[in-house]
Each structure stands twice: as structure tokens, then as C-alpha cells.
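These are the residues of each chain, in order.
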Amino acid sequence: MSKSELSDPFEKARTEKGIGVINDQNDPVQMVLRHKDVRRCAHNWKTYQSGAEPGRIVVPSEVKIRDTRQIPFEVDPPEHGEYRALIEDWFRRPLNEDYEKRLQEQINLLVEETLDLGKLEVVSEFALILQSRALTLLLNIPYEEAQTWISWGIHVFRSEDNPLDGAKANILYDYIDAQIDKAIENPGEDLYSTLLSSVFQGRTLTKEEVKGIMILTFAGGRDTVINAVTNTISYFAENPKSLERLRNEPEIIGKAVEELVRYFSPLTHMGRVVTENAEICEHAIKKDSRISLCWASANRDASVFENPNEIILDRKMNPHVAFGFSHHNCLGAHHARQILKVLVKTLTKKVQSIDILSHQDNHEEWGEFKRKVGFERIEVNFNRRD
Ligand code: EMZ
């Protein structure tokens, strides 16, 4: 198997049963595996709710390490839409020309630094740095702040030996609390200040609500973006012809990014809590149990995607759900897409080829399903294009 290949561990269960049951801290999760069912359940917030106990819709559940509700992600309609309306414009800023230009400058610099180094470890010396620096644009705060986030390492809720590290999570919570207090004392043009002055249902947002939005902004786009960037590098390392093709056909870069995101599906799944007895694929779903919407499985559903396990850079129909589906679709998607588009474009211009020197895969284990999501580390050599 090639190093950049991410196989589909859900295929058999998806075709045969449509559901896969896994145990998570004695609060089992029934994974919904088919594209059609994933979309249907994502839409049906009355039966499959997000606004349950904070942390419970995440798999692994974070109820033990978090009390703060993440907003708008752990809220259902109609409040969900009201919160979302407050922040939607802010999260559209990545589409502005100026934002794209600044992102391009950041990525040019990083790729140049990388080419000077030649050899480097992509996860910690490229993807983490790229994600952290780009986040300063999304928050509209000084570039130097990225250094603090880089020092936290890859995961905010996880350390190497603990998938739910409360102490580590506290570093993020304390940091956000302090930044909120700073913004109250000295308001600026940043996301904290903007949220603190936003009006929800006739009152300004509370500190706790602002914290909930900020935790989501930090956590939701961290390992997902890092994995997407790292997987993109490994894919081009092993498929130099694809890099060459995009160099000659830059007009398909947008499509190519969608296809890479479908194939990588950086977020495997997201949960919901069941509010009434229901049925999925003739499988009884009990009230108060949990389901998860398995984006990664839906994105390989052969009834929707022809040759689902192949990366087809200019795939025509690509209704993937890698950024979720329906009203909860990813708020950071514009930012993430812009990062990947600018990165791919820059690689085609500056990089001739990439050699993989050594690597260690990063797997998630969900009961019977073992899924490669990226790399723990991957050492490569970047070769400059003359
Ligand atoms: C939550 C989640 C959001 C969760 C879209 O995903 O990302 C996870 O990485 C966090 O652990 O708390 O923010």
C-alpha cells in the first residue's frame, strides 16, 4: 500500500448493515455509514440533536473534560441559526482578496523556508506552523501569537498517550479566558472583541458564550487542518504527475481540493444524541442513545461516488460531506479551503518534487474500525523547481 493511501475501513459494514456500533466510555455510539442516511440524520435535528450535554456529541465524548458549550456546534435550531447569523460574515472573510493575499504571503514564506531546509518533518515543522500562522488571520490578531499555539503541539484535547487530556484542555481554556479579559479591557478589531460586542436576543454575548465559540474555533480546525495539509504533501510526494497536472491546469485546483478533502475526510465523524426512539437501516435506535454521522464512510459510498477509493482530481460530481452537512456544516470551511487552495497553487509553482524519507502513520481506532487519518510524523525532502 502506498504511504499516502487512506483505505476505507467502513466498506463492509456500510454495504452489509449501514450501521456500525462502537463503545465509547460505556456510552456506545451507533455509527451511521451510508451517504443517504448521514445526510438525512444530519438534517433531522429534532430526532438527532446537537444541543445535548456539552461534549457528548463528540466522539470520544468530552463530557468529563469540558462544561462549556461550544457554539454554534452544540446548539439546535432555532437558536443555532441566531448564533450562526452573528458570526457567519466573520467566517466568510477568507474569501476576501486581501485575506487571500495575506495567506499567500504566509504560505510563500513557509514554502521558501521549507525549500531552504530541504529535509523536514511535515506534521510539526510544516502543517502545525501553517495552521497556527493562518489562524492569526481568521482571528485577526498579530502574527506573533502563532508561536504560543505552536508551542502547544498538535492536539488541544489530546496528548500522545491520552486521548482525553483534561490538563492539556485547561491550557486552552485558561488561555481563552485570559484573551477574553484582555479584549474586554482593550477592545480591538479581533474576533474576541467582535464577539464581545455582538448582540444575541437583545443582549450582548456572555463571556461563557464567547468562550464556547472560541474553543470551537481553536479545536475544530486544528488536527483536521494539520492532517489535511500533511496528507496533501504526502499525496504529491507519491504522485508527482498530479502536481505536474495542476501546474498545467491551475483552473482545476478548486475541484482538486474538494476531491482531496473528500478522500482524506479529516473529521471521521460527529455525534448526535437521540431524542426519540427511531430506526436507521432497520436498526432500532433508542431514545437518549448516541449516533454518529460518519463523514469518512459516506465519502466512500460507491452508490454516490464512482471509484470512491481513487483520487480523481477533476471529479465532476462531488457531493462530499467532509465539512459536514445541513445547518451544522463547517463554519471554518472557507478558511480551510482557502488554505488548501493556496498551498496547492504554491506547491505547483515552487516545488518540483517531494521525497518521503521516513514516516509513522496515525490511526484512529473505533471498535472494529481502524482508520488511518494521517501521520504521526513524516520526514520528507522538498526539491525546488528551477
Ligand atoms: C470539537 C470538535 C469540532 C471538539 C468540528 O469539530 O473538534 C474536536 O477536535 C474537539 O475536540 O471539542 O471542537
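Let us look at the structure shown here. Here the structure is a predicted model, which is why all the values come from computation and not from measurement.

Comments concerning the overall build of the protein
Now for step 1: Counting its secondary structure elements, the protein contains 14 helices and twelve strands.
Now for step 2: The C-alpha radius of gyration computed for the protein amounts to 20 Å, which stays within 12% of the reference 21 Å derived for 386 residues, consistent with globular compactness.
Now for step 3: For the protein, the spread of C-alpha atoms along the principal axes amounts to about 60 × 60 × 40 Å.
Now for step 4: Counting across all 386 residues of the protein, residues that qualify as buried make up 56%.
Now for step 5: Accessible surface for the protein amounts to roughly 16,900 Å². Of this, 48% is attributable to carbon and sulfur atoms.
Now for step 6: Between the centroid of the 50 positive side chains of the protein and the centroid of its 61 negative side chains there is a distance of 3 Å.

Notes on the pairing of strand 2 (residues 29–32)
Now for step 1: Taking every second residue as pointing to the same face, both faces of strand 2 are buried, with V29 and M31 on one and Q30 and V32 on the other.
Now for step 2: Relative to strand 2, strand 1 (residues 19–22) runs antiparallel, the two being bridged by four bridges. Within the sheet, the bridge partner assigned to I22 lies in strand 2 and is V29.
Now for step 3: Once strand 1 ends, the chain turns through six residues before running back antiparallel as strand 2, passing Q25 with a positive phi of about 50°.
Now for step 4: Two elements, strand 2 and strand 10 (residues 290–293), share four bridges in a ladder whose sense is parallel. Among the inter-strand pairings, V32 is bridged to a residue of strand 10, identified as L293.

Quick word on the sheet that holds strand 2
Now for step 1: A sheet is described by the order of its strands in space; here five strands give the open sequence 1-2-10-7-3, paired in mixed fashion. Each end of this open sheet is capped by a strand with a single partner; those strands are strand 1 and strand 3 (48–49).
Now for step 2: Pairing analysis gives two bridges linking strand 3 to strand 7 (residues 270–274), with the strands arranged antiparallel. Directly across from Q49, in strand 7, lies its bridge partner V273.
Now for step 3: Packed onto the sheet, helix 2 (residues 35–43) meets strand 2, strand 3 and strand 10 and runs at close to 120° relative to strand 10.

Focus on the pattern of salt bridges
Now for step 1: Scanning the entire structure with this criterion turns up 25 salt bridges.
Now for step 2: The shortest N-O distance in the salt bridge between R56 and D288 comes to 3.2 Å. With R56 in the loop between strand 3 and helix 3 (79–87) and D288 in the loop between strand 9 (283–285) and strand 10, this pair connects stretches of sequence that are 232 residues apart.
Now for step 3: For D288, a relative accessible area of 46% translates into the label partly exposed.
Now for step 4: One salt bridge in this structure joins R315 and E259, with 3.0 Å as the shortest N-O distance. Pair noted here: R315 is in the loop between helix 13 (295–298) and helix 14 (333–350) and E259 is in helix 12 (residues 253–264), with a separation of 56 residues, a long-range link.
Now for step 5: Salt bridges linked by common partners bring D24, D27, R56, D288 and R290 together as one network.

Things to note about the packing of helix 11 (residues 240–248) against helix 14
Now for step 1: Contact geometry for helix 11 and helix 14: axes closest at 9 Å, N-to-C directions at 95°. Comparing the axis directions of helix 11 and helix 14 gives the class roughly perpendicular. Only V344, L347 and T348 of helix 14 make contact with helix 11, whose side of the interface consists of L243, L246 and R247.
Now for step 2: The residue inventory of the contact of helix 11 with helix 14, partitioned by class, reads four nonpolar, one polar and one charged.

A short note on the pairing of strand 12 (residues 369–384)
Now for step 1: Judged from the three bridges that link them, strand 4 (residues 119–121) and strand 12 form a sheet pairing that is antiparallel. For E121, the partnering residue across the bridge sits in strand 12 and is E379.
Now for step 2: The hairpin turn running from strand 11 (residues 351–366) into strand 12, its antiparallel successor, is two residues long, and G367 in that turn takes a positive phi close to 50°.

Topic: the environment of S289
Now for step 1: Looking at the element boundaries, S289 is found in the loop between strand 9 and strand 10.
Now for step 2: When its relative accessible area of 16% is taken as the criterion, S289 is described as buried.
Now for step 3: The spatial distance from the C-alpha of S289 to the C-alpha of S353 is 49 Å, given a sequence separation of 64 residues.

A few points about the environment of V210
Now for step 1: If you trace the backbone, V210 turns up in helix 9 (residues 207–220).
Now for step 2: Look at V210 and you get buried, because its relative accessible area is 0%.
Now for step 3: Sequence separation of V210 and S197 is 13 residues, and the distance between their C-alpha atoms is 10 Å.
Now for step 4: Setting aside anything within four residues of it in sequence, one finds V210 in contact with I180, Y192, L195, L196 and L205.

Regarding the packing of helix 12 against helix 14
Now for step 1: Contact pair helix 12 / helix 14: the axes reach a minimum separation of 10 Å and the direction vectors enclose 120°. Like other packed secondary-structure pairs, helix 12 and helix 14 cross with a definite hand, here right-handed. Of the residues in helix 14, those in contact with I253, G254, V257, E258 and V261 of helix 12 are R337, L340, K341, V344 and K345.
Now for step 2: Classifying every residue of the contact of helix 12 with helix 14 gives five nonpolar, one polar and four charged.

Analysis parameters
Residues numbered from 1 in each chain as written. Predicted model: local features only at pLDDT ≥ 70, side-chain atom pairs only at ≥ 80, totals over all residues. Heavy atoms only, no water. Helix = DSSP H or I, 4+ residues; strand = E, 2+ residues; numbered from the N terminus. Rg over C-alpha atoms; globule rule 2.2 N^0.38 Å. Buried < 20%, exposed > 50% of the residue type's maximum accessible area, 1.4 Å probe, protein only. Areas by Shrake-Rupley, 256 points an atom, 1.4 Å probe, with all protein chains shown as cover. Lys, Arg positive; Asp, Glu negative; His and termini not counted. Charge placed at Lys NZ, Arg CZ, Asp CG, Glu CD. Pairing = 2+ DSSP bridges. Contact = heavy atoms within 4.5 Å. Axes fitted to C-alpha atoms, helices over the stretch in contact; angles between N-to-C directions. Salt bridge = Lys/Arg side-chain N within 4 Å of Asp/Glu carboxyl O. Parallel < 35°, antiparallel > 145°, perpendicular 65-115°, else oblique. Nonpolar A, V, L, I, M, F, W, Y, C, P; charged D, E, K, R; others polar. Left-handed = near helix turned anticlockwise from the far one by under 90°.

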